[in-house]
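# A look at the structure
One letter stands for each residue in the lines below.
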Amino acid sequence: MNVLFLAPYAPYITPSQRFRFEHYLIDLAAHGIHYKYQSFIAGKDYHIMFRPGNTIRKAFIILKGFLKRFATLFTLGRYQYVYIHREAALLGPPVFEWLIVHLFRKKVIYDFDDAIWIPLSSAANPIAEKVKCTWKVASICKWSRTVTVGNSFLASYAKQYCQDTRIIPTVVDCEKVHNQLKEQDDEPLTIGWTGTFTNFIHLPLCTPAIRKLQERYDFVFLIIADKDPQLDIPYTFIKWQKESEISDLLRLNIGIMPLIKTDVQLGKCAFKAIQYMSLGIPAVVTPIGANCEVVEDGVNGFYADNDTEWYNSLEKLILDKQLRVEMGKRSRNKIESNYSVSATRQSFLDLFMTPVV
């Protein structure tokens, strides 16, 4: 069997691709499945797309992506399945998806892990909202043989258009990558957050409580991200790097995941919490969407929905090392059982086991 994987960006760069399907690719050959992986944006062009300006250069990069996709159409005869993560092209209507399904008659497996049907734009690309054609998500779901999503909120949307909608959570590899446990004796005690600059908008939900805690307790507030968030409270910044991702996360005693309560955030797959918990780090999270499925309040972490709850939850974990240890162990067990590659591998492989007619 041959499968074509189409994704927006080059391999092993973006969290969405790394933790949705890339860590399963090594298992395909053992099951008689051969694949080709093609990105819309090449690795060397990725960072250019997320910097302000460079309009002409960005336009050229997008043009290259369209030409690459067009050329790929003429190779579809060798594939039984086409797996599309988020979209075949970064911009415009679903032309390639329509051609793949209706002209070339290929079975499409369509995967997404955010509420990507809701229009959004960023400071780096302010016109993106107008040219992304987010309405295409419904059409691609309708044309696909199977849709895979990361949580029940996304599934409820996709099921309106595709009967065969399956939840495969965003997971980590607890055997080869997230395979260490936090030592809670480490000093200094560190509360931390990891993510990309697009999620900085959530940090003000918890920074007032952290500021108050800093007046009373000695700890480090650590941010691991692709950019410095320029917060107005004392903090330490580490630039995210794939090579040091695990060792940087292991500096945390407590992980946080604040979220503004909107439909966009309901589409989030609780991945920050999954990362913390896989390493035995208890998480404090906003109780919304998948956060409530991954974190069990008072069992393997805490919920925090206002300044008082953020303060109280973090204070409990700051003061009680044994509580951090116990919650960390329960966190690790939850991720191994439900949100790991080993726990979901067969669900991913099953996508390609239905005979192609």
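What counts, and at which threshold
- Residues numbered from 1 in each chain as written.
- Predicted model: local features only at pLDDT ≥ 70, side-chain atom pairs only at ≥ 80, totals over all residues.
- Heavy atoms only, no water.
- Helix = DSSP H or I, 4+ residues; strand = E, 2+ residues; numbered from the N terminus.
- Salt bridge = Lys/Arg side-chain N within 4 Å of Asp/Glu carboxyl O.
- Phe/Tyr/Trp six-rings, centres within 6.5 Å; stacked < 30°, edge-to-face > 60°.
- Buried < 20%, exposed > 50% of the residue type's maximum accessible area, 1.4 Å probe, protein only.
- Lys NZ or Arg CZ within 6 Å of the ring centre and 35° of its normal.

### A short note on the environment of G65
- When you line up the elements, G65 lands in helix 4 (residues 55-73).
- The spatial distance from the C-alpha of G65 to the C-alpha of C292 is 38 Å, given a sequence separation of 227 residues.

### Considering the pattern of salt bridges
- Taken as a whole, this structure holds 17 salt bridges when the rule is applied.
- One salt bridge connects D114 with K268, and the closest N-O pair in it is separated by 3.7 Å. One end of the pair, D114, is in the loop between strand 4 (107-112) and helix 6 (128-131); the other, K268, is in the loop between helix 11 (263-266) and helix 12 (271-278), with 154 residues separating them in the sequence.
- With a shortest N-O distance of 2.6 Å, K321 and D185 are connected by a salt bridge. Of this pair, K321 sits in helix 15 (residues 321-338) while D185 sits in the loop between strand 6 (165-167) and strand 7 (190-195), and the two are 136 residues apart along the sequence.
- Salt bridges linked by common partners bring R86, D113, D114 and K268 together as one network.

### Looking at the packing of aromatic side chains
- One pass over the full model with this rule turns up 21 aromatic pairs.
- Ring centres of W117 and Y157 lie 3.7 Å apart, and the angle between their planes is 0 degrees; this geometry places the pair in the stacked category. With W117 in the loop between strand 4 and helix 6 and Y157 in helix 8 (residues 152-158), the pair connects residues that are 40 residues apart, well separated along the chain.
- With a relative accessible area of 17%, W117 lands in the buried category.
- Between K212 and the ring centre of Y311, over which it is positioned, the NZ or CZ distance is 5.2 Å.
- Taking NZ or CZ as reference, K227 lies 4.1 Å from the ring centre of F197, over its face.

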